[in-house]
Amino acid sequence: MRKSLHNLSDVNEIINRIHFLHENSPRKWGSMNVSQMMVHCAKILEIPNKNLQLKHPHFLIRLIGVVTKYELRIFNNGIPHNMPTFKEVIVNETCDFLESKKYLLTTLDEYVWNASQNNLPKTHQLFGKMTKFDWGFLEYKHLHHHLKQFNV
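Residues numbered from 1 in each chain as written. Predicted model: local features only at pLDDT ≥ 70, side-chain atom pairs only at ≥ 80, totals over all residues. Heavy atoms only, no water.

1. A few points about the environment of N16
Following the sequence through the fold, N16 ends up in helix 1 (residues 8-20). Taking the C-alpha atoms as reference points, N16 and P26, 10 residues apart in sequence, are found 18 Å from one another. (Helix = DSSP H or I, 4+ residues; strand = E, 2+ residues; numbered from the N terminus.)

Shown next as structure tokens:
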């Protein structure tokens, strides 16, 4: 079975890993520090929470996104390091560690609530048509990717 934010044990695993982060957690790749990463992950969760709308990418980029969604679903491989992302979720500003952690945990809790109420969007600007399975699986994958980035 694939890990998902719709499985309580997988959500608890993610929460526990978030609690292992500390203000000086070293990163393995990328340019974000741990506080910026948590804000980035919270912003990604704001998309299915319907609190953040991304701009529509060029048709070819969207085609790559749809193919990537199916590739991840079929092969269950990880997200490559240093992937480009939407400017709406890039975090360059200085972020407070405790506030960033609280924001991520609160947004994750809101996501779990929305999922339990079947209140998730039917589409994503990059990945196209989305099922509840797609949301839970891809959001788990994204959080897992960034927690691995910081060794937790």
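There is more to say after this.
2. Some remarks on the packing of aromatic side chains
Applying the stated criterion across every chain yields a total of one aromatic pair. With a centroid separation of 5.6 Å and 10° between ring planes, the pair formed by F133 and F137 is classed as stacked. Of the two residues, F133 and F137 both sit in helix 5 (residues 132-149), four residues apart, roughly one turn of that helix. Take F133: its relative accessible area is 36%, and that puts it in the partly exposed class. A residue is classified by how much of its surface remains accessible, and F137, at 2% relative accessible area, is buried. (Phe/Tyr/Trp six-rings, centres within 6.5 Å; stacked < 30°, edge-to-face > 60°. Buried < 20%, exposed > 50% of the residue type's maximum accessible area, 1.4 Å probe, protein only.)

3. A look at the packing of helix 3 (residues 59-75) against helix 5
The N-to-C vectors of helix 3 and helix 5 enclose an angle of 80°; their axes lie 11 Å apart at closest approach. In terms of orientation, helix 3 lies roughly perpendicular with respect to helix 5. Here K69, L72 and R73 of helix 3 come into contact with helix 5, specifically with F133, D134, F137 and L138. Across the contact of helix 3 with helix 5, the residue classes tally to four nonpolar, no polar and three charged. (Axes fitted to C-alpha atoms, helices over the stretch in contact; angles between N-to-C directions. Parallel < 35°, antiparallel > 145°, perpendicular 65-115°, else oblique. Contact = heavy atoms within 4.5 Å. Nonpolar A, V, L, I, M, F, W, Y, C, P; charged D, E, K, R; others polar.)

4. A short note on the pattern of salt bridges
Tallied over the full model, the rule gives four salt bridges. A salt bridge links E13 to K3; the shortest N-O distance between them is 2.8 Å. Of the two residues, E13 is situated in helix 1 and K3 in the segment before helix 1; the sequence distance between them amounts to 10 residues. Accessibility expressed as a relative area gives 38% for K3, which makes it partly exposed. Between R73 and D134 there is a salt bridge, with the nearest N and O atoms lying 2.2 Å from each other. (Salt bridge = Lys/Arg side-chain N within 4 Å of Asp/Glu carboxyl O.)

Spatial relationships are all this shows, so hold off on functional conclusions.
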